[in-house]
Amino acid sequence: MSGVTVQDQCVKMWEKMKTSKIKACQFKLTANNKEIEVVEDSIIEKGTEGAWKKFTSSLPENQCRYAIYDVEMSIDLGAGLPPGTRTKLTFIVWAPQSSPIKQKMISASSKDALKKKLDGCQVEWQLTDQSELEVKDRVDDLKDLPDIKTSGNGILMFEGVKV
């Protein structure tokens, strides 16, 4: 652990996401690398059209971020049953290869301080490149989760995109 503290606003955003008020939010280290704060213009409201595309395009090319995202999937529940919906409260560590080494090191060592405050997190993704944000890659990560794996033919849609 790096001694970095998590601002209360980060936990408030997590609570908002858990109660379906927001879809996603990003966090970052402050300029002095002492705290984790909310990236104010990163909040995506629940019901936003194209939320996944908006979220992925807002991640910086050369800066580390943490993010939370409420992933929504339509899954096959088996023969004779209509598709069901599953959501996964997801914690994302975004550390692009082009970000400064010092920032990546502090980001990695501070991750647990933030994650401990996010009770109920169901999935964690550690991503380093825009190509890892493709729907197919995210579906590949999710399809082996116990509640997805045991249901029919798996994931039919990810964030409104047919799989």
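In case you missed it, the structure is sitting above this.
In this report, the structure presented in the accompanying data block is examined. Here the structure is a predicted model, which means the values were calculated and not measured.

### Thoughts on the pairing of strand E2 (residues 22-29)
Burial within E2 is extensive, with seven of its eight residues counted as buried. Two elements, E2 and strand E4 (residues 44-45), share two bridges in a ladder whose sense is antiparallel. Within E4, the residue paired with Ala-24 across the bridge is Ile-44. Strand direction decides the pairing type here: E2 and strand E5 (residues 65-76), joined by four bridges, are antiparallel. Within the sheet, the bridge partner assigned to Phe-27 lies in E5 and is Tyr-66.

### Looking at helix H2 (residues 51-58)
Within the span of H2, buried status applies to Ala-51, Trp-52, Phe-55 and Thr-56. In a view along the axis of H2, the buried residues occupy a sector of 120 degrees, so they form one face of it. Among the exposed residues of H2, those pointing more than 90 degrees away from its buried face are Lys-53 and Ser-57.

### Regarding the packing of aromatic side chains
Following the criterion strictly, the structure yields six aromatic pairs and no others. Geometrically, the ring pair formed by Trp-52 and Tyr-69 is edge-to-face, given 5.0 Å between the ring centres and 90 degrees between the ring planes. Linking Trp-52 in helix H2 with Tyr-69 in strand E5, this pair joins segments that are 17 residues apart in sequence. Judged by centre distance (5.1 Å) and plane angle (55 degrees), the rings of Phe-55 and Tyr-69 are tilted. Taken together, the residues span a long stretch of sequence, with Phe-55 in helix H2 and Tyr-69 in strand E5 at a distance of 14 residues. A single burial state applies to Phe-55 and to Tyr-69, both of which are buried. One cation-aromatic arrangement involves Arg-138 over Trp-125; the distance from NZ or CZ to the ring centre is 4.6 Å.

### A word on the nonpolar core
Membership of the largest hydrophobic core comes to 23 residues, with the highest contact counts inside it found for Trp-52, Phe-55, Tyr-69, Met-73, Trp-125, Leu-142 and Phe-158. Elements with a contribution of two residues or more to this core: H2, E5, strand E6 (84-94), strand E7 (123-127), helix H4 (135-142) and strand E8 (154-158). If you tally residues by element for this core, the top one is E5, at five residues.

### Considerations on the environment of Val-71
Structurally, Val-71 can be placed in strand E5. Linking Val-71 and Lys-88, residues 17 residues apart in sequence, is a C-alpha distance of 5.1 Å. Among all residues touching Val-71, those that are not within four sequence positions of it are Lys-23, Arg-86, Thr-87, Lys-88, Thr-90, Trp-125, Leu-142, Phe-158 and Glu-159.

### Focus on the side chain of Ser-99
Of note, Ser-99 is situated in the loop between E6 and helix H3 (101-115). Among the polar contacts listed, one links the side chain of Ser-99 to the backbone oxygen of Pro-96, at a separation of 2.6 Å. Contacts of Ser-99, omitting those with residues within four sequence positions, involve Asn-62, Gln-63, Cys-64 and Lys-104.

Thresholds, definitions, all that
- Residues numbered from 1 in each chain as written.
- Predicted model: local features only at pLDDT ≥ 70, side-chain atom pairs only at ≥ 80, totals over all residues.
- Heavy atoms only, no water.
- Buried < 20%, exposed > 50% of the residue type's maximum accessible area, 1.4 Å probe, protein only.
- Helix = DSSP H or I, 4+ residues; strand = E, 2+ residues; numbered from the N terminus.
- Pairing = 2+ DSSP bridges.
- Arc of directions from axis to C-beta.
- Phe/Tyr/Trp six-rings, centres within 6.5 Å; stacked < 30°, edge-to-face > 60°.
- Lys NZ or Arg CZ within 6 Å of the ring centre and 35° of its normal.
- Core = buried A, V, L, I, M, F, W, Y, C linked by side-chain atoms within 4.5 Å.
- Contact = heavy atoms within 4.5 Å.
- Polar contact = N/O pair within 3.5 Å; in protein donor to acceptor, adjacent residues only side chain to side chain.

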